[in-house]
Structure formats: C-alpha cells, structure tokens
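What follows is the residue order along each chain.
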Amino acid sequence: MKKIIYTLLCSVLFMACAEDLGNYDYHDLLEPEITGLDENISVLTHSRLQLTPDLGENEFTDENYAFEWKAIAKNVTEEVTVLADTRALDYEVKLFPGSYDLYFRVTERRTGIFWQVMSHLLVSEATSEGWMVLCKEGDNNRVRLDMVSKVTEQTITDVLKDTGMPEMHNPYRISWLTGNLVDSESPFYLTTAEGATRLGRNGFQWKEEYKLDYEMGTHMEQAPAPQVINSFTNGKMFADNGNVYFSDCLVFTGLFGEIGESMPAAPVMGVNLVNDMIMVPMAIIYNTEEKEFYGYAPGLRDAILGNSKPLHKMNDMVQLLKSLSNGGEIAGDAFEEFPKGRDYVWMENTTYDPNKTGTGITYAVLKQGAKYEVYGIQTGELLGGLQFGGPAFAIGKAYYGDLSACQDIDKATQFAFSSLNAYMYYAVGGTVYRVDLQQEGQLKAQRQFSLPMGEVVRVLKFNIFKDRELYLQDYNLVVGSTLGENNGKLRIYEGFKSGGDFSKVKAVVYTGLGNIVDVCYREMLD
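About the thresholds
- Residues numbered from 1 in each chain as written.
- Predicted model: local features only at pLDDT ≥ 70, side-chain atom pairs only at ≥ 80, totals over all residues.
- Heavy atoms only, no water.
- Helix = DSSP H or I, 4+ residues; strand = E, 2+ residues; numbered from the N terminus.
- Buried < 20%, exposed > 50% of the residue type's maximum accessible area, 1.4 Å probe, protein only.
- Phe/Tyr/Trp six-rings, centres within 6.5 Å; stacked < 30°, edge-to-face > 60°.
- Lys NZ or Arg CZ within 6 Å of the ring centre and 35° of its normal.
- Pairing = 2+ DSSP bridges.

Asker: So what's going on with unusual backbone geometry? Which residues, and what values?
Answerer: Positive phi, normally seen in glycine, also occurs at H46, with a value near 70 degrees. Structurally, H46 can be placed in the loop between β1 (40-44) and β2 (48-51). Its identity is not glycine, yet E78 carries a phi of approximately 50 degrees, on the positive side. Relative to the assigned elements, E78 resides in the loop between β3 (65-73) and β4 (80-84). Accessibility expressed as a relative area gives 55% for E78, which makes it exposed.

Following this line, the structure appears as structure tokens:
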C-alpha cells in the first residue's frame, strides 16, 4: 500500500511540474531608492507640507506604480490618515497637533510589491506649547488668555477671542489636568468668579458642555465657581459655596458630588504629587470656619479598613490609623498635633522628597494674630501592610517653622515653595524674599531681587511639568508682574544650576502681556 501511495504522489507531482513549464511571465523589477526625506519633520497646522522624494535614476510612472502618503498618530488611538496618493506631497495640514509616523510607500501595481520609508512628523499650532498667561482686562475684568508660544517664539494675545467661548469675568486660574482626570480632548480648566469651564486641546476651542455644570452629579441653583480644580491621585476635588466636591476617576471620569459634610474650605488642597501608586490616598482640606485640618480618604469606606468614614479631622485620622491593624504608619515629629485656630494664608503641593520616601511635602502657611507659621505635611499610603510601589507611611509630620520674624511677612501677597530644596519664597510688592526652612532658630528672610520701580508681583510659583524629561524646569521660578493695570511681564529664573538662589540669576523676560492673574505651562500633547 505504501508503494502504491508513493507512486501516485510522484505521478501527480510530475504532472504538476509538466503543466507549470513555460507559464511564468518574467519582467524586470525596478526597485526605487527612496531618498530626500528628512528623518524629522515639523509643521504648523494649516500650513502646506510639501515633499518630493527622490526615487533614483529609473522612471517610476503612475501607470506602473502607485504612491501613498499616510500619517499614523503616536497616541493611544493610532489613527491612520491618508494624506495623498501622489508621488509628490502637497498637503494643507489638517492633522490635530501631536506626533505622527509619516510613511511614503511606492507599490508596483502588477506584483503588489512595495517599498516605504518613514519620517517622524511633529504637527504643532502656534498655541501647542508655551506659557499660558491668564489675564483680566478692563473695568469689568474680562477674561483674557495670552500665550508665549514656544512654537513660534512670539507672544499671542487674547487667544480665546475666536474660540466660541462666551465672555467671562474675574478670572482665578488656568490649569490643565492629565490622565483620567478630564477628557483628553479638553484638558484645560479655566476658573472664574462666574463659573468654571474646560477648554479644548486644539486652539482652545469651546463647547457648551465644557461648563463645569455638566460635570456635577446633582443640579445646582448657582453655577459652581471654584478658585482651583485640585487633582487628587485618581480623582479631582474643589471647594465652593461652603462645600467640598469630589470626582472619582479611577476607572473613568466620574461626576462631582459632595464629600458628605458641608464644609467651608480653602481653595487649595494637599495631595501627594510624587507617587500615584497608592491604594488608599488622602487629601488634606483646611476648614476655614473651624480653622482645622481635615483628611479625606474615599478608600476608607472599604471593608479592609473597617468601613470607616472617609472624612476626619487630621488629629482624629491619626488616631484612627493607629487603631487599625492594617492602618498606615504615622511618621515624623516636626509638630505634635495638627494645629487649630489659625487663619488660612496659603497651601501648596511640592515634589520635594528629601528622604526619597515617595511622598512630596505639602506646605501650609497659617497665622494667628501677628504670628505666622509654616507646616510641612506628607500624605502617603493609608493602607498598611500592602505595598504596590507606593509610599511606606500614611501621614508625615515633616516640618514646622515660625515665620513671624521674616521681613514684611504680614504684607506678603504671593508664596512659592521649591521642589528642589527646603526653600520658601514670598513677594511683597515688587520684591521677592527667600526663607531657608532648614536654618536653625527663628526663621529669617533674605532678599532675592526687586523688580523695576512700579512693577508688582502678581504670580509667584514653580510650575510642575508633566513630562518628566522636563523635570529640571520644575525648579525655575516663575514671576508674573504688572506695571499699573496692564503692561504685564513674565520672567523665568533658572533654578537648578543656581540651587534656588535667584539673587544673581538673569531672568528670561517676556513682555506685551495683559494684567496677569495666573501662569501655567502648556506642554506638547500627543
């Protein structure tokens, strides 16, 4: 049987070969040598992208060869856009700003064999990257957004004018959140006394549903108008009209709802900026009526932590965690108890982590009469025993200092805390002072610099960059000032090489801005 099968297979194979003889149609295959395209190409939106590749000495006609240009977005969508089917590209750039892989393909029509090359394409618009400078204009304090463009190196004024956004007044802050916290197509928040809204990523375009009203879980008689939208690990929070609101964004962006108890609160809340690998995070809230710190941790509701209330006074939170068998550790002895009875002055989150514990320090400036104090607080993992790369302790009492002897501290209008060193800065009129928080004894201030006569500091801050390749810029001091009602100037003082001593640093100065209220850097979005 085996011999019979073998004989039949050989016969079939021989017949197939015999029938195949002479059926091939051979022809020369011209292979293009694609050159003349840069590895990296940068263009602005609405400009013309014109490219003519060199294919070598041979002629590659449309009759025998097909051509294609396509761009693949280098983000989670990986959207493919065909730009042209011609050998030379002449394209009005309508791609969204971001990074793309640009492919040019040559295909022989008869065989389907193709050759292609790839370039890195960066699409920008004038407002894709740079300093967003929030201003107020005129007697009614109309909201105006100016921008110092990194793309064109020009100052652009009133960039919201043609976006469709209705006129708003009395601005508070311009900021942007990333990740699950907001829709990636509208990551910017603008807060004003008349309400808050998101802004689109492309040209800051505006839609009615960007209003903060649409993010509220319950109907509100008056539009929410928080001064600040606080990011909080996998959530976001704000204080407004005697309440604190929280939105859970762990899985998807949720709606804002009250945290459970009415509470007049300071606009800025303390959060950990260093580590987001936290199972049970906590935000620090300062109750401006009771004049006491509170801790809010939604994860405390979990059965593994005893189905506890999420909101506690900080001193009670300390005792609660100590009583739980798996409660997080309380670290530090800079102060014995969290203070009571002080007036709120300032709160700011930093990435300053001197002991590399994965917990940045939140600084709070409080006052009682003529006495000014600064507290440094750390928030980490409230769930003890289970660590997934998060901090090793829950609450850190990291720092205490008496600021009362610092020059003109009672006249300070702006504060800023370094993420590089234990330095605090404050502005009085046009003069900026520095306080070394590690000095022994009573804290004293050193003058850093004074702006030209008549200029007043309106913004003093360190911008925390999202792209960690830009982390050295976290340490640059950002100063926004005005001369009179307008004539705004933005100054950037280098902070890493100078070690935070700005007394001899020559600032980079941008002029032609409005009456500055806030400043935030817009990084290039994917």
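Asker: Which residues make up the packing of aromatic side chains, and what values go with them?
Answerer: Counted according to the given criterion, the structure contains 29 aromatic pairs. When the ring of F335 is compared with that of F338, the centres are 5.2 Å apart and the planes differ by 75 degrees; the resulting orientation is edge-to-face. Comparing F335 with F338, the two get one shared label, buried. Three or more aromatic residues link up through ring pairs in this structure, and these residues are Y286, F293, F335, F338, Y344, Y375 and Y400. Looking at R105, its charged tip hangs above the ring of F114, at a distance of 3.9 Å from the centre. It is R434 that lies over the ring of Y423; its NZ or CZ is 4.2 Å from the centre.

Asker: Account for the pairing of strand β34 (residues 515-522), naming residues and giving values.
Answerer: The element β34 is largely enclosed, with a buried count of seven among its eight residues. Here seven bridges tie strand β8 (residues 130-137) to β34, and the two strands are oriented antiparallel to one another. Residue pairing in the sheet places K136 in a bridge with N515 of β34.

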